[in-house]
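Structural overview
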Amino acid sequence: MKETFGLLLIVIAGLLIPCHAQTMASEQTRWAAEAANVKIVRDDWGIAHVYGKTDADAVFGMIYAQAEDDFNRVETNYLNAMGRLAEAEGEDRVYQDLRMKMFIDPEDLKKEYAASPEWLCKLMDAFADGVNFYLAKHPEVKPRVIQHFEPWMALSFTEGSIGGDIERVELKKLEAFYGRHDQATASLPTPQREVEPGGSNGIAIAPSNTRDHHALLLINPHTSFFFRSELQMASGEGLDAYGAVTWGQFFIYQGFNSRAGWMHTSSGVDAVDEYLETVHSKDGHYSYQYGDGERPIVEKQIIVPYKTAQGMAEKKFAVYYTHHGPVIREQDGKWVTIRLMQEPIKALMQSYLRTKAENYKQYLQTMELKANSSNNTVYADADGHIAYFHGNYIPLRDTRFDFTKPVEGSDPATDWKGLMTVEESPHLLDPKSGYLFNVNDSPWNGAGESSLHRKDYPAYVETGSESARGVHAMQLLQGRKDFTLDGLMTAAYDSYLPWFIKPLPALVQAWDQLPAESETKVALAGQIAVLRKWDMRWGVDSVATSLAIFWGQEIAKVGHTAAYEEQFSAPVVPGDVALKALLTASDKLTADFGRWQTPWGQINRFQRRTGDIVQPFDDAQPSTPVGFTASSWGSLAAFSARPYTAKETGRATGTRKWYGTRGNSFVAVVEFGNKVRARAVTAGGESGHPSSPHFNDQVERYITGNLREVYFYPEQLKGHTEREYHPGGL
């Protein structure tokens, strides 16, 4: 442990020891030697516990284990990261690939790899070796594109969240610019079928608010299902981390070690800016205005190969750059460029090193790398500390400008002026309230009366609003001093839906005020009777939940937001609009399920039939009822579900039942005492293979919130070990 953080201090000082070329005689010899130093123990849930002599050994083993569980997802994440999806999936992915290739250049990454500190190179080497060894040992597994993984590829995918900064570039507008299509067509809004916000829940509770005086941590990412693997990786060099790993990465993204834990939530920080560039053309070359002069536009050719029925084809693009970044669209006669974090070495270092931090001081040291651009962090440790860190890459800017919109690129005053230090950025240690949380809203209410204050920071530090989940979390945490591990688990699945606090009484009042002879009053009498008695809690047997969710969605369709305002009050729509929405919701329930009196569990279902990344949902096949809802309505446990069309299912008919695809994906509650204790669940199961007993073995625990014990220590695995082996069976 001390060795790693000694290295970190050297890195921060800028004294990097560059990579050296591998000198071992052959890949096969190297792989066999590494495999011999690794032990993989599969517990009775199929979770891999990977032990290596060195950190590199542990990386080799954990990536091998990931490939065993779901190689398709490992490869797909790298196809996406490197802009190579079209090579596997065809022309429809060309502009998605172009977007990635505008930022991710293999030649640049190879240079970055060569300039990386030696300890990081060893980990990247082990990553590539582990995947390649798996492919060598499993010739029946046919990669779609990547036949051989290279160490530098790890630098293309350094941050484990579900959507990176690059994905903020709108594909339709990118295509309109580089495909030379009509700009008007690219401005059409993309249809939205769901009001589900992205995000996650992180809660830390101080010893003062717990029964046993130990810090507690809730780790609850909301992602697409099966987006991450669950595993443990440990080494003789101080590594011993457990948690959720985004497929293909070699670090625990959200998790804990024996002394500390970390949970990342999507941030509202403004870390990405767009610039309006005034461009001139002369003699076939472009330049852009900057200050009192002009600078040449840099032109780069990008080739995007794509799969066709006849074989591979390609499209060539001339892509343009200013010093701000690549041109991504045109607006009002000006070109728009985008600037975002591009620090792959620092990002990968920070992602890995924080997994070895055993206390607040060490975790704070990793934050000094300032390379976590899109996530907040909720932290807890065995010393009793709890902490909040805001997005860790925050450019300093001139506050005269509104950076939430494109700013004038010709004005040097709009350029970034370095980065905020960790001390300058929003962070909170050991609030007097004894708790803190983040559920993707602002940090201004995340610790009750001990919260950070908006007035102390520039506006660009936080661009989000409050949410119903924030209201819910605060109600659960305020004033409570008796939390336990099980109590936190119960809170994580609390069924209250606070979005309805004000809209629902307003709806009932609107109905009460109707004349007795009103057709609407007669038609909705039964529905109002059900909703009047509803306690605003979800449940599989609840008809009121079905009515409320269908009603809320109808309100959203007519333009009323589902987000909370600063005063923690959901919008109250006009009475006639609310009543009409309830009539429409009732009719839809009746049309789809035979009657509006349909319990929520008959609608809201979990189904995992295949190992495909996109599930082929089918009402005729078995599925499981789920009580919790989309997080839009304030449910901390999130399950974002909808019906699917015939085109989406690939059959003659679509589905009437709603099937979840995102929300709770991994849930863990952790207690930091003399020994760490944890309980966890993964959506469905650990394996991506339908033939595996661990494909769906966690479904019941997932839907009920009955998290299973985590076997963190070797002695806990006794009696719970399914298989013990070296990678490759050596």
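A few points on the structure. Everything numeric in this text was worked out from a predicted model, so none of it was measured.

Among all positions of helix α2 (residues 27-36), only R30, W31, E34 and A35 are buried. Looking straight down α2, one finds that the buried residues subtend no more than 130 degrees of arc, so they occupy a single side.

Here we come to the environment of K588. Relative to the helices and strands, K588 resides in helix α18 (residues 575-593). Sequence separation of K588 and V422 is 166 residues, and the distance between their C-alpha atoms is 51 Å. When sequence neighbours within four positions are dropped, the list of residues in contact with K588 reads F550 and E554.

For D415, the location among the structural elements is in the loop between β19 (407-408) and β20 (427-429). No salt bridge is formed by the buried D415; its nearest oppositely charged neighbour, R339, is found at 5.3 Å. Among the polar contacts made by the side chain of D415, one reaches the side chain of H323 at a distance of 3.3 Å. In this structure the side chain of D415 is engaged in a polar contact, spanning 2.7 Å, whose partner is the side chain of H324.

Here we come to the pairing of strand β17 (residues 375-381). On a regular strand, one side chain projects to one face of the sheet and the next to the other, so that they alternate. Burial of β17 is extensive: seven of the seven residues sit out of reach of the surface. The side-chain alternation of β17 yields two buried faces, one formed by N375, T377, Y379 and D381 and the other by N376, V378 and A380. Where strand β8 (residues 260-266) and β17 come together, seven bridges link them in antiparallel fashion. The partner of A260 across the bridge, within β17, is D381. Sheet topology places β17 next to strand β18 (residues 386-389); four bridges connect them, and they run antiparallel. Looking at β18, one finds that A380 is bridged to I386. As consecutive antiparallel partners, β17 and β18 are separated by four residues, and within that stretch G384 has a phi angle of approximately 95 degrees, a positive value.

Attention now goes to the pattern of salt bridges. In the structure shown here, the tally under the stated rule is 33 salt bridges. Residue E87 is joined to R84 by a salt bridge in which the shortest nitrogen-to-oxygen separation is 2.9 Å. We classify E87 as buried; its relative accessible area is 15%. A residue is classified by how much of its surface remains accessible, and R84, at 23% relative accessible area, is partly exposed. A salt bridge links E408 to K334, with the shortest nitrogen-to-oxygen separation between them at 2.9 Å. In this pair, E408 is assigned in strand β19 and K334 in strand β16 (residues 334-339), connecting sequence segments 74 residues apart. One continuous salt-bridge network, built from bridges that share partners, spans R42, E68 and D69.

Our focus in this paragraph is the packing of helix α5 (residues 94-101) against helix α8 (residues 171-178). Running from amino to carboxyl end, α5 crosses α8 at an angle of 90 degrees, the nearest separation of the two axes being 10 Å. Comparing their axes, α8 and α5 come out roughly perpendicular. Seen from α5, the contacting residues are Y95, Q96, L98 and R99; seen from α8, they are L171, L174, E175 and Y178. Looking at the contact of α5 with α8 residue by residue, the class counts come to five nonpolar, one polar and two charged.

Considering all chains together, one arrives at 51 aromatic pairs under this definition. On the basis of an interplanar angle of 80 degrees and a centroid distance of 6.4 Å, the ring pair of F226 and F606 is categorised as edge-to-face. Of this pair, F226 sits in the loop between β4 (215-224) and β5 (228-235) while F606 sits in strand β22 (residues 604-606), and the two are 380 residues apart along the sequence. No difference in accessibility class separates F226 from F606, as the two residues are buried. Aromatic side chains F606 and Y702 sit 5.7 Å apart centroid to centroid with 50 degrees between the ring planes, which places their arrangement in the tilted category. Taken as a pair, F606 in strand β22 and Y702 in helix α21 (residues 699-704) lie far apart in primary sequence, 96 residues in all. Among the residues examined, F606 registers a relative accessible area of 2% and is labelled buried. Over the aromatic face of Y51 sits the side chain of K39, whose NZ or CZ is 5.5 Å from the ring centroid. Directly above the ring of F226 sits R608, whose terminal nitrogen or CZ lies 3.9 Å from the centroid.

Analysis parameters
Residues numbered from 1 in each chain as written. Predicted model: local features only at pLDDT ≥ 70, side-chain atom pairs only at ≥ 80, totals over all residues. Heavy atoms only, no water. Buried < 20%, exposed > 50% of the residue type's maximum accessible area, 1.4 Å probe, protein only. Helix = DSSP H or I, 4+ residues; strand = E, 2+ residues; numbered from the N terminus. Arc of directions from axis to C-beta. Contact = heavy atoms within 4.5 Å. Lys, Arg positive; Asp, Glu negative; His and termini not counted. Salt bridge = Lys/Arg side-chain N within 4 Å of Asp/Glu carboxyl O. Polar contact = N/O pair within 3.5 Å; in protein donor to acceptor, adjacent residues only side chain to side chain. Pairing = 2+ DSSP bridges. Axes fitted to C-alpha atoms, helices over the stretch in contact; angles between N-to-C directions. Parallel < 35°, antiparallel > 145°, perpendicular 65-115°, else oblique. Nonpolar A, V, L, I, M, F, W, Y, C, P; charged D, E, K, R; others polar. Phe/Tyr/Trp six-rings, centres within 6.5 Å; stacked < 30°, edge-to-face > 60°. Lys NZ or Arg CZ within 6 Å of the ring centre and 35° of its normal.

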